[in-house]
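Close look at the chain arrangement
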Amino acid sequence: MAYRYDSLNELRRKKELLQNEVKDLEKLLTFDNTKQTLSALTNGLTDTYLKEVPDADGDMQVKLNAAPILHGISDQLKSVMNRKTIMQVAQSEPGSELLQNTLKLGAVSMITHYAQKNMRNSSWKKKLIGLAIIYVAPIVLKYVREKLDEYQRNKTASSMEKLI
């Protein structure tokens, strides 16, 4: 080892540099900055999925950033799905339930977006429509759903009576 270094001072400088490097790595691995530590451990893989948000005390807190995850999933689904596979999924029992839930979520999202847009409008008529969508529409939909369930029960009972 002595043949690599010309003097003892050079060896001491090298030792000091190595000690500083070890201290820097220790600081990084002590989770003082969680996002930076996870980034170093995963070679930057987690950078897009995490975000730092200040909490009530002013400290930085690491939160999961769901937008890139959902975007990646939707991109994968778009690349895998075509008309034929969609029809196969829709015809299966779990697929039809999934499709129904997806359609419900889409409808709720569209209605919510429309109501928010109307609430931001300067016209009082549009704001009234937005308020009606937010407060009155759920009550009306619940009433219609109850009536449809009642109608379906009556139809089922009458068809059972005809069979008997």
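Residues numbered from 1 in each chain as written. Predicted model: local features only at pLDDT ≥ 70, side-chain atom pairs only at ≥ 80, totals over all residues. Heavy atoms only, no water.

So, the overall build of the chain
Helices and strands together make up the secondary structure of the chain, namely six helices and two strands. Its helices and strands taken in sequence order, the chain reads α-α-β-β-α-α-α-α from the N to the C terminus. Reported as C-alpha extents along the three principal axes, the dimensions of the chain are approximately 105 × 50 × 30 Å. Counting every position in the chain, which comprises 164 residues, the buried fraction comes to 5%. Sequence-distant contacts in the chain: of pairs separated by 6 or more residues, those separated by 24 or more amount to 3%. Looking at the chain, you have 25 positive and 19 negative side-chain charges, and the mean spots of the two groups are 11 Å apart. (Helix = DSSP H or I, 4+ residues; strand = E, 2+ residues; numbered from the N terminus. Buried < 20%, exposed > 50% of the residue type's maximum accessible area, 1.4 Å probe, protein only. Contact = heavy atoms within 4.5 Å. Lys, Arg positive; Asp, Glu negative; His and termini not counted. Charge placed at Lys NZ, Arg CZ, Asp CG, Glu CD.)

Digging into helix α6 (residues 124–163)
Given a rise of 1.5 Å per residue, 40 residues ought to cover 58 Å, and the 56 Å separating the end C-alpha atoms of α6 matches this to within 8%. Of all the bends in α6, the greatest reaches close to 45 degrees and is centred on valine 136; the proline proline 138 follows between one and four positions later. Between the side-chain oxygen at the start of α6 and the backbone nitrogen of lysine 125 there is a gap of 3.3 Å, and the oxygen is on serine 123. (Expected span 1.5 Å × (residues − 1). Bend = angle between axes of the 7 residues up to and from the residue. Polar contact = N/O pair within 3.5 Å; in protein donor to acceptor, adjacent residues only side chain to side chain.)

Focus on the confidence of the model for the chain
With 95% of its residues at a pLDDT of 70 or more, the chain shows a mean pLDDT of 82. Looking across the chain, the model is least confident in helix α4 (residues 83–91), with a mean pLDDT of 71, and most confident in α6, with 87. (pLDDT = per-residue confidence, 0-100.)

Side note on the packing of helix α5 (residues 93–120) against α6
One way to put it is that α5 packs onto α6 with a least axis distance of 7 Å and a crossing angle of 145 degrees. When you trace α5 past α6, the crossing you get is left-handed. Side by side, α5 and α6 meet where Ile111, Tyr114, Ala115, Asn118 and Met119 of the first sit next to Lys126, Lys127, Ile129, Gly130, Leu131, Ile133 and Ile134 of the second. Tallied by class, the residues present in the contact of α5 with α6 amount to eight nonpolar, two polar and two charged. (Axes fitted to C-alpha atoms, helices over the stretch in contact; angles between N-to-C directions. Left-handed = near helix turned anticlockwise from the far one by under 90°. Nonpolar A, V, L, I, M, F, W, Y, C, P; charged D, E, K, R; others polar.)

Digging into unusual backbone geometry
Here the phi dihedral of asparagine 43 falls at roughly 55 degrees; this positive angle occurs in a residue that is not glycine. Taking the relative accessible area as the measure of exposure, asparagine 43 reaches 73% and is therefore exposed.

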